[in-house]
Amino acid sequence: MSKIEEILSRYREGSHENLIPILQDVQEFEGYLSENAIVSIGRFLHMSTTKIYGLATFYDRFRFIPEGRIHLRICNGTTCFINGSGGVAAAVKEVLGIEPGQTTRDGRFSYELTACMGGCNEGPVIYVNGKYSTHIRPDDIPEMIAKLKALPDLK
Ligand code: FES
């Protein structure tokens, strides 16, 4: 039994109301929603893949492409937002040339805007490579990304 089949077996076949929990479980396992997974889910729930894509794209949290090898999480919680996370996110967008939820063509980078990470007094906060960076300013972003690009496993 594949992992996707195992996930589907936790739910009742044809139960449309379980679409979102199934998508969440699959994304948690795969890191994104692959085309194969969507087809399997469609078969299981007796729903067209078009309908599933239509519903899933309504929610920001679903991804349809894998994350980059480096994935940045930019806090967009209220306090970080007040302290300028919007400018930080705009700088990341400009440097990487992608929108939140997208992955660079070379597969190296992706980023997302997240809810509060619990470090409000030190925001804006970015979590990347297992580390929190605090008091981030838009001007810090080009150097931060240049350093990440220079990591040996990203060359
Ligand atoms: S709002 Fe960003 S850490 Fe709380």
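You'll find the structure just up there.
Residue numbers run consecutively from 1 along every chain, following the written order of its sequence. Reporting in this predicted model follows two pLDDT cut-offs: at least 70 for local features of residues, and 80 or more for side-chain atom pairs to be given and counted; totals over whole chains, interfaces and linings ignore these cut-offs and use all residues. Hydrogens and water molecules were not included; the side-chain quantities draw on all heavy atoms of the structure.

Colleague: Kindly report on helix α6 (residues 85–96), identifying the contributing residues and their values.
Modeller: Comment: elements are numbered from the N terminus, with helices defined as DSSP H or I runs of at least four residues and strands as E runs of at least two. Between the first and last residue of a helix there are one fewer steps than residues, each counted as 1.5 Å, and that sum is the expected span. Across its twelve residues, α6 extends 16 Å between first and last C-alpha, which sits within 8% of the 16 Å expected from 1.5 Å per residue. Among all positions in α6, only S85, V88, A89, A91, V92 and L96 are buried. Buried residues in α6, looked at end-on, bunch into an arc of 160°, giving them a common side. Whether two residues touch is decided by their heavy atoms; if any such pair falls within 4.5 Å, the residues are in contact. Among the structural elements, β1 (70–75), α5 (78–82), β2 (109–114), β3 (126–128) and α7 (141–149) are those in contact with the buried residues of α6. G97, located one to two residues past α6, shows a positive phi value of around 75°. For each residue, the accessible area found with a 1.4 Å probe, counting protein chains only, is set against the maximum for its type, and the residue is called buried under 20%, exposed over 50%, and partly exposed in between. The arc in question is the one traced by the directions running from the helix axis out to the C-beta atoms.

Colleague: Tell me about the side chain of S133, and name the residues and values.
Modeller: Position of S133 relative to the elements: it lies in strand β4 (residues 131–133). Look past the residues within four positions of S133 in its chain and what remains in contact with it is P124, V125, I126 and M144.

Colleague: Give me the lowdown on the packing of aromatic side chains, citing residues and values where you can.
Modeller: Between 30 and 60 degrees the pair is tilted, below 30 it is stacked and above 60 it is edge-to-face, where a pair is any two Phe, Tyr or Trp rings, Trp via its six-membered ring, whose centres lie within 6.5 Å. Counted under the stated rule, the structure contains four aromatic pairs. Both rings, one in Y59 and one in F62, keep their centres 6.0 Å apart while their planes meet at 75°; by these two values the pair is edge-to-face. For Y59, a relative accessible area of 29% corresponds to the partly exposed category. The exposure class of F62 is buried, given its relative accessible area of 6%. With a centroid separation of 4.6 Å and 50° between ring planes, the pair formed by Y127 and Y132 is classed as tilted. By relative accessible area, which is 25% here, Y127 ends up partly exposed.

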